[in-house]
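A structural walkthrough
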Amino acid sequence: MNPELLLPLDAILPPGQMITSAEGNGDVQALWLSDAAAAAELWPRLRTEHSSSGLWPLLLDSRDPDDSEFRPWASGELIPGRMSSPKSHYPAELLATWWRDYTGIDQDDDVLTADERLAVTAPFGQTWPGLAPSIEPVIDPDEMAADYARVFAARRPQSRLGLVAAVCGADALAVAGWDGPVNYDNDTAKYAAVVRDWGRRFGARVVAVGSDTLHLSVAAPPTRTEEALFVAAEHFAFCPDIIWQGAHPHTLAAYAERITDLNCWEFWWD
């Protein structure tokens, strides 16, 4: 990221610094990061400027609220050079492949029986149901994102502001070199491609990112359980830990109920 991109911004930035990736020869600046917690109202202002600045704002959270190094962001534990382009991946193919991987029956599984594992993803079992249909937003996606940014900043007041030179929030994940899902795949561009598609189908926007968490605003969430089941299937393929290790009961059907009419989607990878 070229620091000169910061110059045309109308919004007054707090003190901050360019963060250089710890990978390579120190010549890749992944993002700009504020030195301290960001004001809640700054994210919406910078989001509005994105069309002219090319900088996507992110509320960035650390692994530990008391971590003085503010890892992985301030410490530069970012690997942009390893990421491919989100445009080179097809969301439908990715989700179908992940679904097959995570619904496979492991005969050596000493935690769940085959029937119990199939019950997790009922009513679909091992059959990939395909992409959920698009839903028309009833609220402007950018307004929804601004509202959620305020909520997130209030909930995680230690979050700092990041700026990434990217065409959209989804691409910013790969451009910055974030590797939150690394225990499942070390190419974040694949996840960015899916998030891009959710932006098209559900008015999703990337608002905040933690070391292994992702927080999206959603302007067009499913409003009926039948719709939510298909969305839940995509979420399971994208991030199985939200069901395997999420709230009880650990089933797709229960998760679908939880995301019905919910205007934010939050993911974490173990």
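Residues numbered from 1 in each chain as written. Predicted model: local features only at pLDDT ≥ 70, side-chain atom pairs only at ≥ 80, totals over all residues. Heavy atoms only, no water.

**Quick look at the overall build of the protein**
What counts here: In this text, helices come from DSSP runs of H or I with a minimum length of four residues, and strands from runs of E with a minimum of two, each type numbered from the N-terminal end. To get the radius of gyration, use the C-alpha atoms; to get the globule rule, take the number of residues to the power 0.38 and multiply by 2.2 Å. For the exposure calls, accessible area comes from a 1.4 Å probe over protein chains only, and a residue counts as buried if that area is under 20% of its type's maximum, exposed if over 50%, partly exposed in between. Here, two residues are considered to be in contact whenever any of their heavy atoms come within 4.5 Å of each other. Using a 1.4 Å probe, accessible areas were evaluated by the Shrake-Rupley method; residue-level cover was limited to the displayed protein chains.
Tallying secondary structure elements over the protein gives nine helices and seven strands in all. A compact globule built from 270 residues would reach a C-alpha radius of gyration of about 18 Å, and the protein, at 19 Å, matches this within 12%. Across its three principal axes, the protein shows a C-alpha extent of roughly 55 × 40 × 35 Å. Within the span of the protein, comprising 270 residues, buried residues form 52% of the whole. Long-range contacts, defined here as pairs at least 24 residues apart, represent 74% of the contacts in the protein between residues at least 6 apart. Taken as a whole, the protein presents about 12,100 Å² of accessible surface, with 50% of it coming from carbon and sulfur.

**Points about the pattern of salt bridges**
Applied cut-off: Should a side-chain nitrogen of Lys or Arg be within 4 Å of a carboxyl oxygen of Asp or Glu, the pair is scored as a salt bridge.
Considering all chains together, one arrives at 16 salt bridges under this definition. When the shortest N-O distance is used, the salt bridge between Asp61 and Arg156 registers 2.6 Å. Of this pair, Asp61 sits in the loop between strand E3 (55–60) and helix H2 (91–103) while Arg156 sits in the loop between helix H4 (141–155) and strand E4 (160–165); the two residues are 95 residues apart in sequence, bridging distant segments of the chain. What makes Arg156 partly exposed here is its relative accessible area of 26%. Where salt bridges share partners, they join Asp197, Arg200, Arg201 and Glu234 into one cluster.

**Some points on the environment of Ala172**
Mapped onto the fold, Ala172 is located in helix H5 (residues 169–175). Once the C-alpha coordinates of Ala172 and Arg156 are considered, the two residues, 16 residues apart in sequence, prove to be 21 Å apart. If we ignore the near neighbours within four places in the chain, the residues touching Ala172 are Trp56, Leu58, Val164 and Ala166.

**Description of the packing of helix H7 (residues 225–238) against helix H9 (residues 252–259)**
Put simply, the rule reads: Helix axes use the C-alpha atoms of the stretch in contact, all axes being lines fitted to C-alpha atoms, and the angles between their N-to-C directions lie in the range 0 to 180 degrees. Small angles under 35 degrees read as roughly parallel and large ones over 145 as roughly antiparallel, with 65 to 115 read as roughly perpendicular and the rest as oblique. Take the far helix as your reference; a near helix turned counterclockwise from it by less than a right angle gives a left-handed crossing, and one turned clockwise gives a right-handed crossing. Only Asp, Glu, Lys and Arg are considered charged in this grouping, and only Ala, Val, Leu, Ile, Met, Phe, Trp, Tyr, Cys and Pro are considered nonpolar; every other residue, Gly among them, is considered polar.
Where H7 contacts H9, the two axes come as close as 8 Å, and the packing angle between them is 110 degrees. Relative to H9, the element H7 is oriented roughly perpendicular. When the axes of H7 and H9 are compared, the crossing they make is right-handed. Listed contacts from H9 to Ala228, Leu229, Val231, Ala232, Ala233, His235 and Phe236 of H7 are Leu252, Ala253, Tyr255, Ala256 and Ile259. Considering only residue class, the contact of H7 with H9 consists of eleven nonpolar, one polar and no charged.

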